[in-house]
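Structural overview for review
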Amino acid sequence: MRERPFFLEEIPQFTLPFVGLAVLGHPISHSISPVLHNAALSDLSLQDSAFKGWSYHRVDIKAENLANALVKFAEAGYLGLNLTIPHKVEVLKSVNRLDSEASLIGAVNTLFLRDGQWFGYNTDGYGLHQALRKDLGVYIPNSRILILGAGGAARAAAVKCLLEGASSVHIHNRSPERLNDLLSLLRNHFERSRISGSTVGNFREFEFVDQDWVVINATSLGLSEEDPSPFCMPCTELGKKSVVYDMIYNPAKTKLLAEADEAGLSFANGLSMLVYQAAKALEIWTDQEVCAKRMLEAAKNYFSG
Ligand code: NDP
């Protein structure tokens, strides 16, 4: 990416037919969202010249500046924003209109300016759902899902899997506090019999040995090449039709995925989730069908080049 991230005071101003889109976070320099969105916008502009003036940027915004920044982005001609660490939950204080899934998840990754107000969505669950289906052939209804982690990404994953009819969703997390917060949220909205949880101290391995599970890593363990696997039992002990999805995509093959590979299980990394959540956000902003394949190609080219 040639363009360095902007700070709030340097964001470009847009007047129609020029339209701004951006991802806000802190830190933000690691984000490849502009690569995906600008590739898809370039394709859209071939079909409809109205999209020629649309562009997507990264902007470094600290948590304490988010509320003020949202006013500035609206004034500067931005129509859509993506949010990443640390804004996904904090933003709830600054938006009063949420779609039902974002409201249930309690986090927002996409904002759309309508009638002068920011409307919040969460497309992470959609991204994961598409990724599981397309990369691993997972059909969520009646599947058993084991989610490692209980942070924002795990919340989106758990809500989406329960909404889509998973027969059980088990959350395994390091800290009992965050685990219990997520279990309470889920039990308030879905049948309790489909929901369970553990920490390392009370993980009942026998419920997983030789059983087929969809294992999803939603922890940040694996972001560093030296990180151990976040899963507290060997993948070789899972049932042979188990599959493993790691939301991390850089590095491309975490320890967890290497273990899944050695155990002969199907596995995939989080690049597809990143792409599908991005495609959905761009569809919300443009009201056009977006080519996720084009975004995926752009991401792969970025990492290989
Ligand atoms: P959060 O900070 O909200 O949650 C982090 C989670 O990781 C918590 O459950 C935390 O457990 C756990 N964790 C952190 N360090 C460790 C450790 N050393 N050992 C065990 N568990 C640990 O982050 P997010 O939910 O936003 O993101 C989680 C991961 O998902 C990140 O790697 C992120 O990059 C990825 N992600 C990928 C997306 C994609 O599109 N592919 C989209 C969103 C996220 P505890 O509660 O104990 O602290």
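Residues numbered from 1 in each chain as written. Predicted model: local features only at pLDDT ≥ 70, side-chain atom pairs only at ≥ 80, totals over all residues. Heavy atoms only, no water.

Take the nonpolar core next. If you look at the biggest cluster of nonpolar residues, it comprises 69 residues, and the most contacted ones within it are Ile147, Ile171, Leu186 and Tyr245. Take this core: its biggest share by element is 11 residues, from helix H9 (residues 271-286). When sequence neighbours within four positions are dropped, the list of residues in contact with Leu186 reads Ala158, Val159, Leu162, Ile171 and Ile195. Among the nonpolar cores identified, the runner-up in size contains 23 residues, and Leu8, Leu70, Phe73 and Ala102 belong to it. (Core = buried A, V, L, I, M, F, W, Y, C linked by side-chain atoms within 4.5 Å. Buried < 20%, exposed > 50% of the residue type's maximum accessible area, 1.4 Å probe, protein only. Helix = DSSP H or I, 4+ residues; strand = E, 2+ residues; numbered from the N terminus. Contact = heavy atoms within 4.5 Å.)

Our focus in this paragraph is the site of the ligand. Around the ligand there are 21 residues in total, and Ala150, Ala153, Asn173, Ser175 and Met247 lie nearest to it. Interatomic distance of 2.9 Å between a backbone N/O atom of Ala150 and an oxygen atom of the ligand. Between the ligand and Met247, the relevant distance is 2.9 Å, taken from a nitrogen atom to a main-chain nitrogen or oxygen of the residue. Protein contacts shield 78% of the accessible area of the ligand, which totals 920 Å² for the unbound molecule. Those elements that place two or more of their residues in the shell around the ligand are helix H6 (152-163) and H9. (Near = heavy atom within 4 Å. Polar contact = N/O pair within 3.5 Å; in protein donor to acceptor, adjacent residues only side chain to side chain. Areas by Shrake-Rupley, 256 points an atom, 1.4 Å probe, with all protein chains shown as cover.)

The pairing of strands in a sheet happens through backbone hydrogen bonds and is either parallel or antiparallel. If you walk across this open sheet you meet the seven strands as E1-E3-E2-E4-E6-E7-E5, and the pairing is mixed. Taken across any chain shown, the strands that pair with only one partner, and hence form the sheet edges, are strand E1 (6-7) and strand E5 (97-98). Relative to strand E4 (residues 78-83), helix H2 (residues 66-75) is tilted by about 150°, and along the sheet it contacts strand E2 (19-25), strand E3 (54-60), E4, strand E6 (110-114) and strand E7 (117-121). (Pairing = 2+ DSSP bridges. Axes fitted to C-alpha atoms, helices over the stretch in contact; angles between N-to-C directions.)

For the rest of this paragraph, the subject is helix H5 (residues 124-136). Given a rise of 1.5 Å per residue, 13 residues ought to cover 18 Å, and the 17 Å separating the end C-alpha atoms of H5 matches this to within 8%. Regarding H5, the residues found buried are Asp124, Gly125, Gly127, Leu128, His129, Gln130, Ala131, Leu132 and Leu136. Immediately downstream of H5, the backbone of Gly137 shows phi near 65°, a positive value. (Expected span 1.5 Å × (residues − 1).)

Here strand E12 (residues 243-246) shows no split at all, with Val243 and Tyr245 on one side and Val244 and Asp246 on the other all buried. Across four bridges, strand E11 (residues 214-217) lies against E12 in parallel orientation. The residue of E12 that forms the bridge with Val214 is Val243. Looking at chain direction, E12 and strand E13 (residues 266-269) are connected through four bridges and run parallel.

Let us look at the sheet that holds E11. Spatially, E10-E9-E8-E11-E12-E13 is the arrangement adopted by the six strands of the open sheet, whose pairing is parallel. Among the strands making up the open sheet, the edge pair consists of strand E10 (195-198) and E13. The average undirected angle you get between the axes of adjacent strands in this sheet is 15°.

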